[in-house]
Amino acid sequence: MINWFPGHMNKTLKQMQSDSKLCDCFIYVLDARCPLSCINPEFIKVVKDKPIIYVLNKADLVERTDLVIFKKYFNAQGSECISLNATVSGNSKILIDTINKIFKQRIEANKQKGVNFITRAMILGVPNSGKSTIVNNLCNKARAVTGNKAGVTKSKQWVKVSNNIEFMDTPGVLLPNFDDEQKAYNLAIVGSVKDEVLNLVDISIQLINRLNNLNENILKSKYGVEYNENTQLINMLQQIGKKRGCVIKGGEIDLERTSKILLTDFRSGKLGKICLEKI
Ligand SMILES: Nc1nc2c(ncn2[C@@H]2O[C@H](COP(=O)(O)OP(=O)(O)O)[C@@H](O)[C@H]2O)c(=O)[nH]1
Ligand SMILES: [Mg+2]
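Residues numbered from 1 in each chain as written. Chains lettered and ligands numbered in written order. Predicted model: local features only at pLDDT ≥ 70, side-chain atom pairs only at ≥ 80, totals over all residues.

(A) A look at the site of ligand 1. Around ligand 1, 16 residues are found, and the nearest of them are A86, G130, K131, S132 and T133. Here the shell around ligand 1 takes 3 residues from helix α6 (residues 131–139), the largest share from any one element. Grouping the constituent residues of the shell around ligand 1 by class yields 4 nonpolar, 9 polar and 3 charged. (Near = placed C-beta within 6 Å. Helix = DSSP H or I, 4+ residues; strand = E, 2+ residues; numbered from the N terminus. Nonpolar A, V, L, I, M, F, W, Y, C, P; charged D, E, K, R; others polar.)

(B) Fine view of helix α3 (residues 64–76). The first and last C-alpha atoms of α3 sit 18 Å apart over 13 residues, in line with the 18 Å expected at 1.5 Å per residue. Within α3, the full set of buried residues consists of D66, F70 and F74. Buried residues of α3, viewed axially, fall in a sector of 65°; they line one side. Looking at α3, the residues exposed on the side facing more than 90 degrees away from the buried face are R64, T65, V68, K72, N75 and A76. In the core, the buried residues of α3 are packed alongside β2 (52–57) and β3 (80–84). Once α3 ends, the next one or two residues include G78, with phi positive near 85°. (Expected span 1.5 Å × (residues − 1). Buried ≥ 20, exposed ≤ 12 C-beta atoms within 10 Å, placed from the backbone. Arc of directions from axis to C-beta. Contact = placed C-beta atoms within 7 Å.)

(C) Looking closely at the domain arrangement of the protein. Each assigned domain of the protein is listed here: domain 1 (6–173) and domain 2 (199–267). For domain 1 and domain 2, the distance between their C-alpha centres works out to 37 Å. (Domains from an automatic or database assignment.)

(D) Representation of the nonpolar core. One finds F26, Y28, V55 and A121 to be the most contacted residues of the largest nonpolar core, which totals 68 residues. Both domain 1 (6–173) and domain 2 (199–267) contribute no fewer than three residues apiece to this core. In this structure V55 touches I27, Y28, V29, L30, I82 and L84, once residues within four positions along its chain are discounted. (Core = buried A, V, L, I, M, F, W, Y, C linked by C-beta atoms within 7 Å.)

(E) The arrangement of helix α5 (residues 104–112) in detail. A small share of α5 lies buried, amounting to 0 of its 9 residues. Immediately beyond the C-terminal end of α5, within one or two residues, lies G114, with a positive phi of roughly 80°.

(F) Representation of the pairing of β2 within the structure. Counting buried residues in β2 gives 6 out of 6 residues, a clear majority hidden from the surface. Burial along β2 is two-sided: I52, Y54 and L56 facing one way and I53, V55 and N57 facing the other are all buried. One ladder, built from 6 bridges, connects strand β1 (residues 25–31) with β2; its direction is parallel. Note on β2: the bridge partner recorded for D31 is N57. The parallel pair β1 and β2 is bridged by helix α2 (residues 41–46), and the resulting crossover is right-handed. Here β2 runs beside β3; their pairing, made up of 5 bridges, is parallel. (Pairing = 2+ DSSP bridges. Right-handed = clockwise from strand over helix to strand, strands pointing away.)

(G) Summary view of the packing of helix α7 (residues 181–190) against helix α8 (residues 200–214). Two elements in contact, α7 and α8, have axes separated by 10 Å at closest approach and are oriented at 105°. One way to sum up the angle between α7 and α8 is to call them roughly perpendicular. In contact with Y185, A188 and I189 of α7, α8 contributes I203, Q206 and L207. (Axes fitted to C-alpha atoms, helices over the stretch in contact; angles between N-to-C directions. Parallel < 35°, antiparallel > 145°, perpendicular 65-115°, else oblique.)

Written out as structure tokens, the structure reads:
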């Protein structure tokens, strides 16, 4: 369904594996609307020995109960997990606190020796998960690139986000492999895959299907579209189009335009706080 080049992914993974040697920990930014779909299991294999902090970003777009469930899930794997609305200035500071908590012993041992130990982190995640927003949030937009450090690969630059924490300046962008079609669709729905390479009608049908399964009232209350088990999903999309005035000559519904409206409504939270995954 989605064009993806395994060769390209292998190259990215290799680069990240090599970059990961320069880092003490990883900040894996996930879209809270489909956290598991955002995870590339290959990455976890290549960096298994260092702490990963999972960030359920865009927490403002899902219910608290969903955040609690995913937090428990990642904690059970021995990882820290925080939820975040990175668009609110100051919120991302919780990441600094979490990193300091993980490396507390090492930081304090160094302090006693009079050394300000710098902890380095790589921020990574699928496109559009909020990586840049988080970094800008922590840097108050004035990105302080600290430049090369002795003993650190010259080509890497670091962004200072607190007095003892630096992020690798280029966030890692890694899509999961799309073997799991449902996960691929979730990513397309939340906007992690460029819309240009997608069939938006196909993606919208998938969204309608998920919404029907979650709660039939979502589409009913927003567009007045009723669902029963005999309803064809394409008919529901047509009804939404009719409701939203996406009619072309001859009374035909412009499904492409309808799909864009539906996806935009979902992505901006206008359909409510909705998590696409259940565990
Ligand atoms: N609602 C909401 N939107 C967010 C949040 N974090 C980022 N965004 C938005 O998501 C989009 C992608 O963010 P960006 O930082 O560019 O993602 P990146 O591709 O991972 O660097 C932007 O429009 C952000 O404003 C959040 O916590 N909540
Ligand atoms: Mg970015």
